[in-house]
Amino acid sequence: MKSKSKKSLKARSSGKSPVRKASDESDITELMLRDHKPLKRLIKTMKDTDASIFDVRVTFEQFAPLLEAHAKPEEESLYEWLTSDEEDLRVEGFEGKTEHAIADQLAKEIQNSGEGDEFRARVKVLAELVEQHLKEEEDALIPVLRKKVDLEERVRMGRHYTELRSSFRVDEKAA
């Protein structure tokens, strides 16, 4: 489905900015950054080789639902838009979807594993995978989105993301 071309992307980002302030709280990029913070805090414990297996398990049990509550809405709002509408960013959209699928599969395997060395190794690999994914989004994707996609479109995606995200019940304060 190729409903928008490079021309339309350029037209939407022609420099005419909406009346909204530059940092709208509904902007998908702002929402992504907000959701990354608790994930990054938990990743530190998941990667800590000195942490007890109990601490790693508790941390993973907080991390997994937060990751899902972030990843699924992101896939259905941002990555779906990138892969269906944006030639310029299509590859990045597919990369993101693939990384999400790998992380989701690994998280399911971890939930069904014991408490030993294999559990700890899988948790660490998941933490490293997600950490790298978040870094790529923050260092590469978000700046490109802010440059090439006008605020109105980012807010539209952000509202869709928020609507999808609201169906997930997670204790974000615990993270």
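Residues numbered from 1 in each chain as written. Predicted model: local features only at pLDDT ≥ 70, side-chain atom pairs only at ≥ 80, totals over all residues. Heavy atoms only, no water.

With respect to the overall build of the chain
Part 1: Looking only at helices and strands, the chain has 6 helices and 0 strands in total.
Part 2: If you list the helices and strands of the chain from N to C, you get α-α-α-α-α-α.
Part 3: A burial count over the chain gives 41% of its 175 residues as buried.
Part 4: Taking contacts inside the chain between residues at least 6 apart in sequence as the whole, the part at least 24 apart equals 80%.
Part 5: Of the roughly 9700 Å² of accessible surface on the chain, 51% is carried by carbon and sulfur atoms. (Helix = DSSP H or I, 4+ residues; strand = E, 2+ residues; numbered from the N terminus. Buried < 20%, exposed > 50% of the residue type's maximum accessible area, 1.4 Å probe, protein only. Contact = heavy atoms within 4.5 Å. Areas by Shrake-Rupley, 256 points an atom, 1.4 Å probe, with all protein chains shown as cover.)

Brief notes about helix α5 (residues 117–148)
Part 1: Taking 1.5 Å of rise per residue, the 32 residues of α5 would be expected to cover 46 Å, and the 45 Å separating its terminal C-alpha atoms lies within 8% of that figure.
Part 2: Where the residues of α5 are buried, they touch α2 (28–47), α3 (53–85), α4 (90–111) and α6 (151–165). (Expected span 1.5 Å × (residues − 1).)

What to know about the pattern of salt bridges
Part 1: Summed over the entire model, instances satisfying the criterion amount to 13 salt bridges.
Part 2: The residue Arg-154 makes a salt bridge to Asp-27 at a minimum N-O spacing of 2.8 Å. Highlighted residues: Arg-154 in helix α6 and Asp-27 in the loop between α1 (6–12) and α2, separated in sequence by 127 residues. Here Arg-154 and Asp-27 have matching classes, each one buried.
Part 3: For Glu-138, the salt bridge is made with Lys-40, and the minimal N-O distance between the two is 2.8 Å. Placement of Glu-138 in helix α5 and of Lys-40 in helix α2 is noted, with a sequence separation of 98 residues between them.
Part 4: Here the salt bridges do not stand alone but share partners, grouping Arg-34, Asp-35 and Arg-165 into one network. (Salt bridge = Lys/Arg side-chain N within 4 Å of Asp/Glu carboxyl O.)

Remarks on the confidence of the model for the chain
Low-pLDDT stretches of the model should not have their predicted coordinates read in fine detail.
Part 1: With 83% of its residues at a pLDDT of 70 or more, the chain shows a mean pLDDT of 85.
Part 2: The low-confidence segment residues 1–22 (pLDDT under 50) makes 34 contacts with residues lying over four places distant or belonging to another chain. (pLDDT = per-residue confidence, 0-100.)

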